[in-house]
Amino acid sequence: MKSGRTISIKSDKLKKIRNNLRNILLCEAINRQANISKEEKKVLFDEFGKIIISKDRSKTDNDLLGKFQDEWWKLERLKRKSICECSYCRKTDSDMTYYSKEWICSECYQSNRH
Ligand SMILES: [Zn+2]
């Protein structure tokens, strides 16, 4: 027997507000990840667009790349664990159910995709 807790919204107006708020949060996370990737490329590639392999980079640059990866994945984990998107199908406009330490959309929860 499933024991998930569903947060369900009936009003179409409230659903629209919820979905817009989710989109704002997800867009902000995606923009931050894009900025991190842009900074990462400045370290990864030389002025001719050729990739600089790890052994040819300075320790400072390799440390910087590690920091960028940590920041990017921190945002990704926040997105995946948030109520803003389904952990399985990435849907963002459904009622969500909290089950087994994850937020799952109603469709995935009902279809036992988790
Ligand atoms: Zn889903």
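Look a little higher up for the structure.
Residues numbered from 1 in each chain as written. Predicted model: local features only at pLDDT ≥ 70, side-chain atom pairs only at ≥ 80, totals over all residues.

**Quick notes on the nonpolar core**
- If you look at the biggest cluster of nonpolar residues, it comprises seven residues: Cys86, Met96, Trp103, Ile104, Cys105, Cys108 and Tyr109.
- Here the element with the most residues in this core is strand E3 (residues 102–105); it accounts for three residues.
- Contacts of Trp103, omitting those with residues within four sequence positions, involve Ser82, Ile83, Cys86, Ser87, Met96 and Tyr98. (Core = buried A, V, L, I, M, F, W, Y, C linked by C-beta atoms within 7 Å. Buried ≥ 20, exposed ≤ 12 C-beta atoms within 10 Å, placed from the backbone. Helix = DSSP H or I, 4+ residues; strand = E, 2+ residues; numbered from the N terminus. Contact = placed C-beta atoms within 7 Å.)

**Some thoughts on the sheet that holds strand E1 (residues 5–7)**
- Strand order in this open sheet of three strands is E1-E2-E3, and the pairing throughout is antiparallel. Of all strands in the sheet, those bounded by a partner on one side alone are E1 and E3. Direction aside, the axes of adjacent strands within the sheet are offset by 30 degrees on average. (Pairing = 2+ DSSP bridges. Axes fitted to C-alpha atoms, helices over the stretch in contact; angles between N-to-C directions.)

**Brief notes about the packing of helix H1 (residues 12–44) against helix H2 (residues 59–81)**
- Between H1 and H2, the shortest axis-to-axis distance is 10 Å and the interhelical angle comes to 165 degrees. Judged by the inter-axis angle, H1 sits roughly antiparallel to H2. Of the two possible hands of crossing, H1 and H2 adopt the one that is left-handed. Between H1 and H2, the contacting residues are Leu26, Ala29, Arg32, Gln33, Ile36, Glu39, Glu40 and Val43 on the first element and Asp61, Leu64, Leu65, Phe68, Glu71, Trp72, Leu75, Leu78 and Lys79 on the second.
- Among the residues making up the contact of H1 with H2, the classes are represented as 10 nonpolar, one polar and six charged. (Parallel < 35°, antiparallel > 145°, perpendicular 65-115°, else oblique. Left-handed = near helix turned anticlockwise from the far one by under 90°. Nonpolar A, V, L, I, M, F, W, Y, C, P; charged D, E, K, R; others polar.)

**Points about the pairing of strand E2 (residues 96–99)**
- As judged from the three bridges shared by E1 and E2, these two strands associate in the antiparallel manner. The partner of Ile7 across the bridge, within E2, is Met96.
- Two strands pair when backbone bridges link them, and E2 and E3 are joined in this way by four bridges, in the antiparallel orientation. Looking at E3, one finds that Tyr99 is bridged to Glu102.
- Linking E2 back to E3 in an antiparallel pair, the connection comprises two residues, with Ser100 at a positive phi of about 55 degrees.

**Observations concerning unusual backbone geometry**
- One non-glycine residue, Ser100, lies in the positive phi region at around 55 degrees.
- Along the polypeptide, Ser100 turns up in the loop between E2 and E3.
- For Ser100, a count of 11 C-beta atoms within 10 Å puts it in the exposed group.
- Non-glycine residue Lys101 carries a positive phi angle of around 65 degrees.
- Mapped onto the fold, Lys101 is located in the loop between E2 and E3.

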